[in-house]
Amino acid sequence: GAVVSQHPSWVICKSSVKIECRSLDFQATTMFWYRQFPKQSLMLMATSNEGSKATYEQGVEKDKFLINHASLTLSTLTVTSAHPEDSSFYICSARASGSGTDTQYFGPGTRLTVL
Amino acid sequence: AQSVTQLDSHVSVSEGTPVLLRCNYSSSYSPSLFWYVQHPNKGLQLLLKYTSAATLVKGINGFEAEFKKSETSFHLTKPSAHMSDAAEYFCVVSAGNQFYFGTGTSLTVIP
């Protein structure tokens, strides 16, 4: 149980790209988007709550990293006007709704390369 | 304030020998603590979680961790390392709505 998928697993783009994060066997009111640089820890970009606007961390451009959490099983991250410095490993996680637990279950990540 | 310190950035052990990955935390609350493992180019997999039910927590793949409040530590151990244990390990403290990650410990297992 508690499986989270991400699509695509890797992508090369020049302008914009949408990354999907799905909780496959549970509902997730809250999903999180992280960015990870090589040999580094995860950096939280934003917290996504179903049906409401995402909460972005300081320094993260909300107009560049668009997050939509339209259902209890799907959140999307769209990177717009992408530049090579946006190339990174993007990981989402999901927290089960109503479980009273703070455990986050992570997706397998998306490797983004911007040309 | 919440923070996590993983005391070793790299740990190298021989296959079949014990593993010890050290983690100290700081939390204003009664914390939830986690260990996650990340294999190359993969997401994070939950190894185990402490939630105050028992100080010794058993996880998957033979790992366990002991919560020591007096030492503010949550070290991860395994009696016998396997080649497949080679990966990056993250200690995490949960507070409020957020996870606070350690900087990670890279475990190398020597055949």
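Structure: see above.
## Overview of the overall build of chain A
Looking only at helices and strands, chain A features zero helices and eleven strands. The C-alpha atoms of chain A give 13 Å as radius of gyration, which agrees with the globular expectation for 115 residues (13 Å, within 12%). By its C-alpha atoms, chain A is 40 × 25 × 20 Å across when sized along the principal axes. Burial statistics for chain A: of 115 residues in total, 50% are counted as buried. Long-range contacts, defined here as pairs at least 24 residues apart, represent 53% of the contacts in chain A between residues at least 6 apart. Surface summary for chain A: the accessible area is close to 5,600 Å², and the carbon and sulfur share equals 52%. If you average the places of the 10 positive and of the 9 negative side-chain charges in chain A, the two averages end up 5 Å apart.

## Considering the pattern of salt bridges
On inspection of all chains with the given rule, the structure shows six salt bridges over all chains. For the salt bridge of Asp86(A) with Lys64(A), the shortest nitrogen-to-oxygen distance reads 2.9 Å. In this pair, Asp86(A) is assigned in the loop between strand 8 (74-79) and strand 9 (88-96) and Lys64(A) in the loop between strand 6 (55-56) and strand 7 (65-71), connecting sequence segments 22 residues apart. Lys64(A) sits in the buried class, given a relative accessible area of 9%. Between Lys49(B) and Asp102(A) there is a salt bridge, with its nearest N and O atoms 3.1 Å apart. One end of the pair, Lys49(B), is in strand 6 (residues 44-50); the other, Asp102(A), is in the loop between strand 9 and strand 10 (105-106), on a second chain. Judged by relative accessible area, Asp102(A) falls into the buried class, the value being 17%.

How each quantity is defined
Residue positions within a chain follow its written sequence, with the count starting from 1. For this description, chains carry letters from A and ligands carry numbers from 1, given in the order in which they are written. Local features in this predicted model are restricted to residues of pLDDT 70 or higher, and side-chain atom pairs are both shown and tallied only at a pLDDT of 80 or more, whereas totals for entire chains, interfaces and linings draw on every residue. Computation of side-chain values covers all heavy atoms of the structure but excludes hydrogens and water. Counting from the N terminus, the helices are the DSSP runs of H or I reaching at least four residues and the strands are the DSSP runs of E reaching at least two. Radius of gyration here is computed from C-alpha atoms only, and the compact-globule reference equals 2.2 Å multiplied by the residue count raised to the power 0.38. Relative accessibility thresholds used throughout: buried, under 20% of the residue-type maximum; exposed, over 50%; partly exposed, between the two (1.4 Å probe, protein chains only). For this analysis, residues touch if any pair of their heavy atoms sits within 4.5 Å. Note on areas: Shrake-Rupley, 1.4 Å probe, and residue coverage restricted to the protein chains presented here. Neither His nor the chain ends is counted toward charge; the positive residues are Lys and Arg and the negative residues Asp and Glu. Charge positions are represented by NZ for Lys, CZ for Arg, CG for Asp and CD for Glu. The term salt bridge refers to a pairing of a side-chain nitrogen on Lys or Arg with a carboxyl oxygen on Asp or Glu at a separation within 4 Å.

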